[in-house]
Amino acid sequence: DSGVTQTPKHLITATGQRVTLRCSPRSGDLSVYWYQQSLDQGLQFLIQYYNGEERAKGNILERFSAQQFPDLHSELNLSSLELGDSALYFCASSHREMNTEAFFGQGTRLTVV
Amino acid sequence: AQSVAQPEDQVNVAEGNPLTVKCTYSVSGNPYLFWYVQYPNRGLQFLLKYITGDNLVKGSYGFEAEFNKSQTSFHLKKPSALVSDSALYFCAVRDIKTGANNLFFGTGTRLTVIP
C-alpha cells in the first residue's frame, strides 16, 4: 500500500458528461501529480500541485481541470467527456519536490461509453 | 526538453537467468532517474532511484540499476529472474536543471519471465 488513495476505482459514464476523480496523498506529502495512462499514449503527465498551488502543467486538455485543497487532497475534473478520454488516471504524491520518488495510487479506471 | 526511451517493448527471459531492461534518457542538466514497476490492475510501485553518488543503485525485490552518464543510460538489472517479476516496467526522469518537477516516463517494457 503506497498510502495514496484514489476514488472511485472504476467509473463508467456517457459521452458529454462530467466526472470528478479524487486523490488523497500520503500523509505529509505536499505535491500531488496527475497522470493519464492509455494504451496508445503511455503515461502522460497532466498537472502538478504543490501545497495548494499549480506547479507544472503537462498535456492536460482544456476540458480537464484540477485543484488541491487546504487539506492537500486533490480533485481532477473531466468534462465534456469523449470516448478517447477512457483511460486509467493515476494520482501520485511526494514530499519534497525534486530528489524524492513519487508514490502512486491504484488509479481510477474511466470508461466513457 | 527531457525525454526517456525504453527501446524494447517486450523482454522475455527464462527463470533464473539474469535480466536487463534498458533505458536511455535526455535532459538538459543532471538527471534524477527512477524505475517503477506496474503489476496488472495496480498502480506504479517505486523500485529504485539514482540521485547522485554510486553509479550502481540497489532497490526493492533484488533489482539494481546502473547509471552511465557517458551513455546516458540507466538500465535495470536483476541477477536471477523470478516468474513473479513478470510485469510492466517504467523508467522515468526528473530534470532538476529546468526546475521541472514532474516525472517523465518512458513507454514501458513488458517483462515476461518464462518458467
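In this text the structure is predicted, and so the values were computed from the model without any measurement.

Colleague: Would you mind going over the pattern of salt bridges in detail, with residue names and values included?
Modeller: In this structure the tally under the stated criterion is eight salt bridges over all chains. Between A:Arg63 and A:Asp85 there is a salt bridge; the shortest N-O distance is 2.8 Å. Of the two residues, A:Arg63 is situated in the loop between β6 (53-57) and β7 (64-68) and A:Asp85 in the loop between β8 (74-78) and β9 (87-94); the sequence distance between them amounts to 22 residues. Across the pair B:Lys77 and B:Glu66 runs a salt bridge whose closest N-O atoms are separated by 3.5 Å. Taken together, the residues span a long stretch of sequence, with B:Lys77 in strand β9 (residues 73-78) and B:Glu66 in strand β8 (residues 64-68) at a distance of eleven residues. What you see here is one network of salt bridges that share partners, running through A:Arg63, A:Glu82 and A:Asp85.

Colleague: Before we move on, could you go through unusual backbone geometry and cite the residues and values that matter?
Modeller: As a rule of thumb, non-glycine residues mostly have phi less than zero, and peptide bonds are mostly trans rather than cis. Here the residue pair A:Thr7 and A:Pro8 is connected by a cis peptide bond, since its omega of -10° sits within 30 degrees of zero. With respect to the element layout, A:Pro8 can be found in the loop between β1 (5-7) and β2 (10-13). Even without glycine at this site, B:Tyr61 takes up a positive phi of about 60°. Tracing the chain through its elements places B:Tyr61 in the loop between β7 (56-58) and β8. Phi at B:Thr72 takes a positive value of approximately 45°, unusual for a residue other than glycine. Mapped onto the secondary structure, B:Thr72 falls in the loop between β8 and β9. Under the relative-accessibility criterion, B:Thr72 is labelled partly exposed at 31%.

Rules and cut-offs
- Counting restarts for each chain, with residues numbered from 1 along the sequence as it is written.
- All chains are assigned letters beginning at A, and all ligands numbers beginning at 1, according to the order in which they are written.
- With the structure being a predicted model, the display of local features is reserved for residues of pLDDT at least 70 and the display and counting of side-chain atom pairs for 80 or more, all residues being used for whole-chain, interface and lining totals.
- As a convention, hydrogens and water are excluded, and side-chain values are obtained from all of the structure's heavy atoms.
- By salt bridge we mean one thing: a side-chain nitrogen of Lys or Arg within 4 Å of a carboxyl oxygen of Asp or Glu.
- Only DSSP runs of H or I covering at least 4 residues are called helices, and only runs of E covering at least 2 are called strands; the numbering of each starts at the N terminus.
- The rule is simple: take the accessible area with a 1.4 Å probe, protein chains only, and divide by the maximum for that residue type; under 20% is buried, over 50% is exposed, in between is partly exposed.

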